[in-house]
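As a plain string of letters, each chain reads:
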Amino acid sequence: MLTVQDLHKSYQVGKTTYEVLKGVSLTVEKGEFVAVMGPSGSGKTTLLNCISCYIPADSGSIRLGDTELARLDEEALAKVRNRKLGFVFQDFLLLDGLTVRQNILLPAIIGGAVSGMVENRADQLCEVFGISAIRDKYPAEISGGEKQRTAVARALINHPLLILADEPTGNLDSRSSRAVIRSFEQAKSALEATIFMVTHDSFAASFCDRVVILRDGVVWRTLEKGAAQRSAFQDQLLDAIREMGKE
Ligand code: ADP
Ligand code: MG
């Protein structure tokens, strides 16, 4: 589904070059819910922005299905972003002047494909994520958790191959975080979505099938949840993070 191979990215600030990604390789299989963890500044957002095609990598390969993203021109990348990827950001990025339902429909409007079928899908997504009752409200009238669930529904409207989420629970209290993580689990089980989430929150990550830990610009370790309970998996993640701090 998604294969990242030997990805390098540095930023030039004045005369200094900062190497942020120093050869990141990872894969996400269809239907998997994968998290990327790592200390602040470890390059999580940079990695996600490269996969999102927001910033060009210096070298390496990013394959989404059969498509090598590094080889596409701007127009083709815009199509990939609109049709094959869904995005969920830390600060929701809903449009204030649109209702919940209109926000969910936005990627379909941008893609030029709003039909009765798409409108039905928006309503179905509202149901899956428990936001049907608020679908005619505006963002200013709903809670943070409801905003983020709206953002998850919006990310799914075009049937993307992959959902990319950057710290989706970063601005939420623990109850709302839980509701948002539950919406990802529902996206996975009810809609067969594939999700790639950046987070520094071990609680959020403990719901994932697999967690990739970044350090110093490379993948330091990958942990599989397997048959472990969520809380046991969270303990494993916390142990790994402590161990990483000692090295
Ligand atoms: P994370 O999301 O893991 O906190 P980031 O990918 O945002 O990390 O940042 C990794 C490093 O790259 C940080 O040291 C950050 O300051 C630097 N960085 C991020 N974006 C830029 C940029 N546009 N220009 C220069 N440096 C940047
Ligand atoms: Mg970040």
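Further up the page is the structure itself.
This report concerns the structure included in the present document.

Criteria and cut-off values
Residues numbered from 1 in each chain as written. Chains lettered and ligands numbered in written order. Predicted model: local features only at pLDDT ≥ 70, side-chain atom pairs only at ≥ 80, totals over all residues. Heavy atoms only, no water. Near = heavy atom within 4 Å. Polar contact = N/O pair within 3.5 Å; in protein donor to acceptor, adjacent residues only side chain to side chain. Areas by Shrake-Rupley, 256 points an atom, 1.4 Å probe, with all protein chains shown as cover. Helix = DSSP H or I, 4+ residues; strand = E, 2+ residues; numbered from the N terminus. Nonpolar A, V, L, I, M, F, W, Y, C, P; charged D, E, K, R; others polar. Pairing = 2+ DSSP bridges. Contact = heavy atoms within 4.5 Å. Axes fitted to C-alpha atoms, helices over the stretch in contact; angles between N-to-C directions. Salt bridge = Lys/Arg side-chain N within 4 Å of Asp/Glu carboxyl O. Buried < 20%, exposed > 50% of the residue type's maximum accessible area, 1.4 Å probe, protein only. Patch = residues over 30% accessible without salt bridge, like charges linked within 9 Å, V, L, I, M, F, W, Y side chains within 5 Å.

With that settled, consider the site of ligand 1. The full set of residues close to ligand 1 is Y11, V13, V20, P39, S40, G41, S42, G43, K44, T45 and T46. Here a nitrogen atom of ligand 1 sits 3.5 Å away from a polar atom, N or O, in the side chain of Y11. Within the backbone of G43, one N or O atom sits 3.1 Å away from an oxygen atom of ligand 1. Notes on ligand 1: free accessible area 560 Å², of which the protein chains cover 56%. When residues of the shell around ligand 1 are traced back to their parent elements, those giving at least two are β1 (2-13) and α1 (44-51). Sort the elements by how many residues they give to the shell around ligand 1 and α1 lands first, with three residues. Here the shell around ligand 1 is built from residues that sort into four nonpolar, six polar and one charged.

A few words on the sheet that holds β1. Remark on secondary structure: sheet strands pair via backbone hydrogen bonds, oriented parallel or antiparallel. Ordered in space as β2-β1-β4-β5, the four strands form an open sheet in which the pairing is antiparallel. Strands at the two margins of the open sheet, each flanked by one partner only, are β2 (16-28) and β5 (67-68). Where β1 lies against β2, 10 bridges are found, and the strand directions are antiparallel. Residue pairing for β2: L7 is matched across the bridge by V24. Seen against the sheet, α1 touches β1, β2 and β4 (59-64) and runs at an angle of roughly 115° to β1.

Applying the stated criterion across every chain yields a total of nine salt bridges. One salt bridge in this structure joins E224 and R210, with 4.0 Å as the shortest N-O distance. Here R210 lies in strand β9 (residues 210-215) and E224 lies in strand β10 (residues 218-224), a separation of 14 residues in the sequence. You can call R210 buried: its relative accessible area is 9%. One connected set of salt bridges, linked through shared partners, spans R101, E119, D123 and R135.

It is worth spelling out the side chain of N103 at this point. With respect to the helices and strands, N103 occurs in helix α3 (residues 100-110). The residues touching N103, leaving out its near neighbours within four places in the chain, are L94, L95, L98, P139, T150 and R154.

On to the pairing of β9, then. Taking burial as the measure, the six residues of β9 include five buried ones, the bulk of the element. Relative to β9, strand β3 (residues 33-37) runs parallel, the two being bridged by four bridges. Counted as the bridge partner of V36 is V212 from β9. Strand direction decides the pairing type here: β9 and β10, joined by six bridges, are antiparallel. Each bridged residue has a counterpart across the sheet, and for R210 the counterpart in β10 is E224.

With that out of the way, let us pick up a nonpolar patch on the surface. There is a patch of nonpolar side chains on the surface, built from Y11, V13 and Y18 and spanning about 290 Å² of accessible area. Looking at the secondary structure, you find Y18 in strand β2.

Attention shifts here to unusual backbone geometry. Its identity as a non-glycine residue notwithstanding, D6 has a phi of 50°, on the positive side. Take D6: it is sitting in strand β1.

Shape descriptors only; they carry no functional weight alone.
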